[in-house]
Amino acid sequence: MSKLNEYIRRFEDAVQSSPIIRAYEIHIDRKTEDIVYINGKIDFEDGSTLDFKEFVASVGTDIEKYKYAYNYRKQDSLVFRYDNALDPRARKLSSFPHHLHLPPDMIVESLPRNINEILNDIEDRMIGIR
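This write-up is about the structure you can find in this document. (Residues numbered from 1 in each chain as written. Predicted model: local features only at pLDDT ≥ 70, side-chain atom pairs only at ≥ 80, totals over all residues. Heavy atoms only, no water.)

1. Details of the nonpolar core
Phase 1 of the analysis: Within the largest apolar cluster, 27 residues are counted, with the highest numbers of intra-cluster contacts made by Ile-42, Phe-44, Leu-50 and Ile-115.
Phase 2 of the analysis: Sorting the residues of this core by element identifies helix H1 (3-17), strand E1 (21-30), strand E2 (35-44), strand E3 (48-59), strand E4 (62-74), strand E5 (77-83) and helix H2 (115-126) as the ones contributing at least two each.
Phase 3 of the analysis: Among the elements that line this core, the one with the most residues is H1, at 6 residues.
Phase 4 of the analysis: The contacts of Ile-115, once residues within four sequence positions are left out, are Phe-11, Ala-14, Val-15, Ile-42, Leu-50, Glu-54 and Tyr-70. (Core = buried A, V, L, I, M, F, W, Y, C linked by side-chain atoms within 4.5 Å. Buried < 20%, exposed > 50% of the residue type's maximum accessible area, 1.4 Å probe, protein only. Helix = DSSP H or I, 4+ residues; strand = E, 2+ residues; numbered from the N terminus. Contact = heavy atoms within 4.5 Å.)

Below, the structure written as C-alpha cells:
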C-alpha cells in the first residue's frame, strides 16, 4: 500500500471509529497518484460540527500536508479553527503559517494538527476536560 493510500486509510479509520460522531461525509479527490484533496463535514452527538480540508502529497518517503483547515463550530458560532492559511494577522507568530483561531477574534500560535488530534480535542471538550 502506498504511503498516501495508508494516510487516507488512517484518516478514514479515525473518523469511522470515533465514539462522539453522529454522522460524517468524507470526500477523497485524488489529483494524481501522489496528491489528494480530502474534505468533508462531521456532525457530533452534541450537535456541533467540524468542517475540514486537507491538501496532502506523498513526497519521497514522507507525507506533506500543504494546506489544511479544521473549523469546529456549534451552530453558527466558532469554537476553534486550526489552519495554515497565509493570514496576514498571523504573520508575526513564531508558528506561522500554522495558527489557531479562537472567538471572538483571536489568533494564536499552533503546531500543525491532524484529524486524530482534532477529534481528541473535541472529545475532551465534550466531556469537560477543556
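2. Examining H1
At 3.6 residues per turn, the α-helix brings residues three or four places apart onto the same side.
Phase 1 of the analysis: In this model, H1 (15 residues) spans 21 Å end to end at C-alpha, consistent with the 21 Å of a helix rising 1.5 Å per residue.
Phase 2 of the analysis: All buried positions along H1 are accounted for by Leu-4, Tyr-7, Ile-8, Phe-11, Ala-14 and Val-15. The buried residues of H1 occupy one face: seen down the axis, they fall within an arc of 125°.
Phase 3 of the analysis: The inward-facing, buried residues of H1 contact E1, E2, E3, E4 and H2. (Expected span 1.5 Å × (residues − 1). Arc of directions from axis to C-beta.)

3. Points about the pairing of strand E7 (residues 106-109)
Phase 1 of the analysis: The pairing of strand E6 (residues 99-102) with E7 spans 4 bridges and is antiparallel. The residue bridging His-101 from the neighbouring strand is Ile-107, located in E7.
Phase 2 of the analysis: Between E6 and E7, which pair antiparallel one after the other, the connecting turn spans 3 residues. (Pairing = 2+ DSSP bridges.)

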